[in-house]
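# Results of the structural survey
Here is what each chain is made of, one letter per residue.
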Amino acid sequence: MLRSVKGLKDILPQQAMQWQHLEAVARTMATHYGFSEIRIPIFEFTELYARSIGGTTDIVEKEMYTFPDRDGSSLTLRPEGTAGVARAVLEHKLLDSPTSRKLFYLGPMFRHERPQAGRYRQFHQFGVEALGTDDPLIDVEVITLLWEFFLALGLKDLTLHINSIGTPVDRENYILKLKEFLTPLLPNLCGNCQRRYLANPLRVLDCKVPICQESTVGAPHLIDDLSETSTIHFHAVLNGLSALEIPYTINHRLVRGLDYYSRTTFEITSPHLGAQSTIGAGGRYDGLFQALQGPATPAIGFAVGLERVTLLLSEDRTSKPAPLFFVAGFGPRGKPRAFRLLHELRQAKIRADTDHKGTSLKALLRSADKLGAEYSIILGDDESDSHTALLRNMHTKAQEIVKLEEITQRIHTGL
RNA sequence: GUGGGUGUAGCUCAGUUGGUUAGAGCGCUGGUUUGUGGAGCCGGAGGUCGCGGGUUCGAAACCCGUCACUCACCCCA
């Protein structure tokens, strides 16, 4: 039998309801915070990602779905949303438009990783980007939106981790200090960290191997080495969060993986997921636009892994469809009349269905029950002859005779 | 890319120290006397026991390989 591709998931009708709810909450919340939706392509020139995400990151080195176009140019399925948004913003000069500086997106991303709980090769993200200002209050706005989004979905036991990784210049100083600190410990660290020591020493800090965690307890903190402006910015963000009573935890080990991040970084975790506990994360990326040869543009954003969120969503939170009216038509005159009524109900924006297979009233009512209909409209030859139908409440079994021409009216005015 | 776990009906799972036609519950479907659903009762369909080798008189059970799923490492949302 043909199967779906590894790491890809079908969203079946039952779960689709949940996704609709999730997406509706995301759109509503983002819109309320002044963000406008942007829809960008699902693939781009490979160069865009190589330049923005960072050439030495795992994503670019081994996780991208890259393929040649027919003319030979290299294309890549988007592994994340920020790069594409930045490209679109530059291409369409959206920075000049005051209404287009706060953007959000929703859609699938692709990374060739080994699938695991909460990790798929095609996954969906909800993300926002606030462009053009480095006022710490915009950081607070973005983080608050992320926090409130999860609250609106009814998620519990979340932790907001926050840190500042400074500017690239701040980091240069700090990396020297960190290396100095790590050098004597090097023999104790895991093999991975010994490599990180050379390639990207910051990553040693978020290593999960217990020995490494213990060894680096006394490591110098990056925030102690930030420039004055970075420090002021960071504290302004923290004060802003406190003023809005958003609880946070400063996490000195929080290092973002993508190269474009600078200064404020944050993530929200849930203890109810497995290893992939981060449901939303983001940060400031003041250098990205210049890396894409655009004007220097401070910016901050986040991305939410929607599959991970669905794992935390309780079922009663999903939106329910309108009540269903089942049209049970039978008999040589009743059945065609009932089919016309079905059409009329739908035109009147009433959710209605029938079962063409059912021949007897018994079979039709059974279908109505299985489809979960709230009401059945019974229309046999007798009813057809008298221009009426029986409106049956499937829960209470109460039935009433209604004139056919009044039935949509009757339903609309309440039952 | 590296480890561990698991593959029996649409779903959740039994299957006894290898032994003959592989089972249950749920679901699906038909009937229960002809114009009233759910429950009950009776019946039915549905399985290459993941796949390929091997051991054996005999394998769903044991061995090897392989694939898939899954969890974890890694990485990240």
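First, a word on what this report is: a plain description of the structure on this page. Keep in mind the model is a prediction, meaning the values are calculated, not measured. (Residues numbered from 1 in each chain as written. Chains lettered and ligands numbered in written order. Predicted model: local features only at pLDDT ≥ 70, side-chain atom pairs only at ≥ 80, totals over all residues. Heavy atoms only, no water.)

## Comments concerning the sheet that holds strand β16 (residues 399–403)
One open sheet accounts for 5 strands, arranged β13-β12-β14-β15-β16; its pairing is mixed. Edge strands, defined here as strands with exactly one partner in the open sheet, are β13 (352–353) and β16. Pairing of strand β12 (residues 325–329) with β13 involves 2 bridges; the strand directions are parallel. Counterpart to Phe-325 in the pairing with β13 is Ala-352. Against the sheet, helix α12 (residues 334–347) touches β12, β13 and β14 (375–379), its axis set at about 140 degrees to β14. (Pairing = 2+ DSSP bridges. Helix = DSSP H or I, 4+ residues; strand = E, 2+ residues; numbered from the N terminus. Contact = heavy atoms within 4.5 Å. Axes fitted to C-alpha atoms, helices over the stretch in contact; angles between N-to-C directions.)

## Examining the sheet that holds strand β1 (residues 36–37)
Ordered in space as β1-β5-β6-β11-β10-β9-β7-β8, the 8 strands form an open sheet in which the pairing is mixed. In this open sheet, the two edge strands, each paired with only one partner strand, are β1 and β8 (249–250). Sheet topology note: the strand β7 (residues 159–164)/β8 ladder contains 2 bridges and is parallel. Residue pairing in the sheet places His-161 in a bridge with Thr-249 of β8.

## Quick look at the environment of Leu-94
With respect to the secondary-structure elements, Leu-94 resides in the loop between α4 (82–91) and β5 (102–110). Through-space distance from the C-alpha of Leu-94 to that of Leu-131 is 9.7 Å; in sequence the pair is 37 residues apart. Discounting chain neighbours no more than four positions away, the residues touching Leu-94 are Ile-38, Val-89, Ser-100, Arg-101 and Leu-103.

## Focus on the protein's contact with RNA strand B
Close to RNA strand B lie 47 residues, the nearest being Arg-114, Arg-196, Asp-382, Met-394 and Lys-397. Backbone atoms, meaning sugar and phosphate, make up 47% of the atoms of RNA strand B lying within 4 Å of the protein. Contact distances for RNA strand B include 3.0 Å between a phosphate oxygen and a backbone N or O atom of Ala-117. Within the backbone of Ala-275, one N or O atom sits 3.0 Å away from a phosphate oxygen of RNA strand B. Among the elements of the structure, α3 (58–63), β6 (122–131), α7 (191–199), β10 (278–284), β11 (299–305), α13 (361–370), α14 (381–385) and β15 (388–393) are those that each provide at least two residues to the surface near RNA strand B. (Near = heavy atom within 4 Å. Polar contact = N/O pair within 3.5 Å; in protein donor to acceptor, adjacent residues only side chain to side chain.)

## Some words on the nonpolar core
In this structure, Phe-126, Phe-149 and Phe-150 are the most contacted members of the largest nonpolar core, which totals 90 residues. Residue contributions to this core peak at 9 residues, all from helix α5 (residues 136–152). If sequence neighbours within four positions are ignored, Phe-126 has contacts with Ala-26, Ala-30, Phe-104, Tyr-105, Leu-106, Phe-149, Phe-302, Ala-303, Val-304 and Leu-306. Core analysis: the next-biggest nonpolar cluster, separate from the first, contains 17 residues, Tyr-375, Ile-377, Leu-379 and Ile-411 among them. (Core = buried A, V, L, I, M, F, W, Y, C linked by side-chain atoms within 4.5 Å. Buried < 20%, exposed > 50% of the residue type's maximum accessible area, 1.4 Å probe, protein only.)

## Describing the packing of aromatic side chains
Scanning the entire structure with this criterion turns up 6 aromatic pairs. Ring geometry for Phe-104 versus Phe-126: centroids 6.2 Å apart, planes at 80 degrees, classification edge-to-face. Here Phe-104, found in strand β5, pairs with Phe-126, found in strand β6; they are 22 residues apart in sequence, far enough to count as distant. Here Phe-104 matches Phe-126 in class, with each residue buried. Ring centres of Phe-325 and Tyr-375 lie 5.1 Å apart, and the angle between their planes is 10 degrees; on these two criteria the pair is classed as stacked. With Phe-325 in strand β12 and Tyr-375 in strand β14, the pair connects residues that are 50 residues apart, well separated along the chain. A single burial state applies to Phe-325 and to Tyr-375, both of which are buried. Taken together, the ring pairs in this structure connect Phe-104, Phe-126, Phe-149, Phe-150 and Phe-302 into an aromatic cluster. The ring of Phe-35 carries Lys-102 above its face, with NZ or CZ at 4.9 Å from the centroid. (Phe/Tyr/Trp six-rings, centres within 6.5 Å; stacked < 30°, edge-to-face > 60°. Lys NZ or Arg CZ within 6 Å of the ring centre and 35° of its normal.)

## Details of the pattern of salt bridges
Close approach of charged atoms allows side chains of opposite charge to pair. One pass over the structure, following the stated rule, counts 17 salt bridges. The salt bridge involving Asp-225 is made with Lys-177; its shortest N-O contact spans 3.2 Å. With a gap of 48 residues between them, Asp-225 in the loop between α8 (210–215) and α9 (228–243) and Lys-177 in helix α6 (residues 168–182) connect regions that are remote in the sequence. Overall, Asp-225 belongs to the buried group, its relative accessible area being 15%. Residue classification places Lys-177 among the partly exposed residues on the basis of a relative accessible area of 43%. As a salt-bridge pair, Asp-286 and Arg-263 come within 3.0 Å of each other at their nearest N and O atoms. (Salt bridge = Lys/Arg side-chain N within 4 Å of Asp/Glu carboxyl O.)

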